[in-house]
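A look at the structure
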Amino acid sequence: MAYKITDECVSCGACADQCPQEAIAQGADHYEIDPEKCVDCGACADTCPMSAIEEA
């Protein structure tokens, strides 16, 4: 199951820099994870200073 970014995201970009699959990009309101590219490594969740990333 891919990770997802919640509305707690402040669009700092820390997660996108850590994603080895380049599955994270800026969305309309905050960063978003492409579930087809996500390999569930959890690097983004470990990096997020807002704890805004959780398993979907």
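Whatever comes next refers back to the structure up there.
Computed from a predicted model, the values in this text were never measured in an experiment.

The helix and strand tally for the protein chain stands at two helices and four strands. In the protein chain, the succession of helices and strands from N to C terminus is β-α-β-β-α-β. Dimensions along the principal axes, computed over C-alpha positions, put the protein chain at roughly 25 × 20 × 20 Å. Here the protein chain, with 56 residues, has 36% of them falling under the buried criterion. Taking as baseline every contact in the protein chain between residues at least 6 positions apart, the subset at least 24 positions apart corresponds to 56%. Of the roughly 3600 Å² of accessible surface on the protein chain, a fraction of 41% belongs to carbon and sulfur atoms.

Here we take up the pattern of salt bridges. Overall, the coordinates contain one salt bridge when judged by the stated rule. For Glu 54, the salt bridge goes to Lys 4, with nearest N and O atoms at 3.7 Å. Residue Glu 54 is located in strand 4 (residues 53-55), and its partner Lys 4 is located in strand 1 (residues 3-5); the two are separated by 50 residues in the primary sequence.

So, on to the nonpolar core. Membership of the largest hydrophobic core comes to 15 residues, with the highest contact counts inside it found for Ile 5, Cys 15, Ile 24, Ile 33, Cys 44 and Ile 53. Residue assignment for this core shows that the elements contributing at least two residues are strand 1 and strand 3 (31-33). Ignoring anything within four residues of it in the chain, the contact list for Cys 15 reads Ile 5, Ile 24, Tyr 31, Cys 44, Thr 47 and Ile 53.

The rules we used
- Residues numbered from 1 in each chain as written.
- Predicted model: local features only at pLDDT ≥ 70, side-chain atom pairs only at ≥ 80, totals over all residues.
- Heavy atoms only, no water.
- Helix = DSSP H or I, 4+ residues; strand = E, 2+ residues; numbered from the N terminus.
- Buried < 20%, exposed > 50% of the residue type's maximum accessible area, 1.4 Å probe, protein only.
- Contact = heavy atoms within 4.5 Å.
- Areas by Shrake-Rupley, 256 points an atom, 1.4 Å probe, with all protein chains shown as cover.
- Salt bridge = Lys/Arg side-chain N within 4 Å of Asp/Glu carboxyl O.
- Core = buried A, V, L, I, M, F, W, Y, C linked by side-chain atoms within 4.5 Å.

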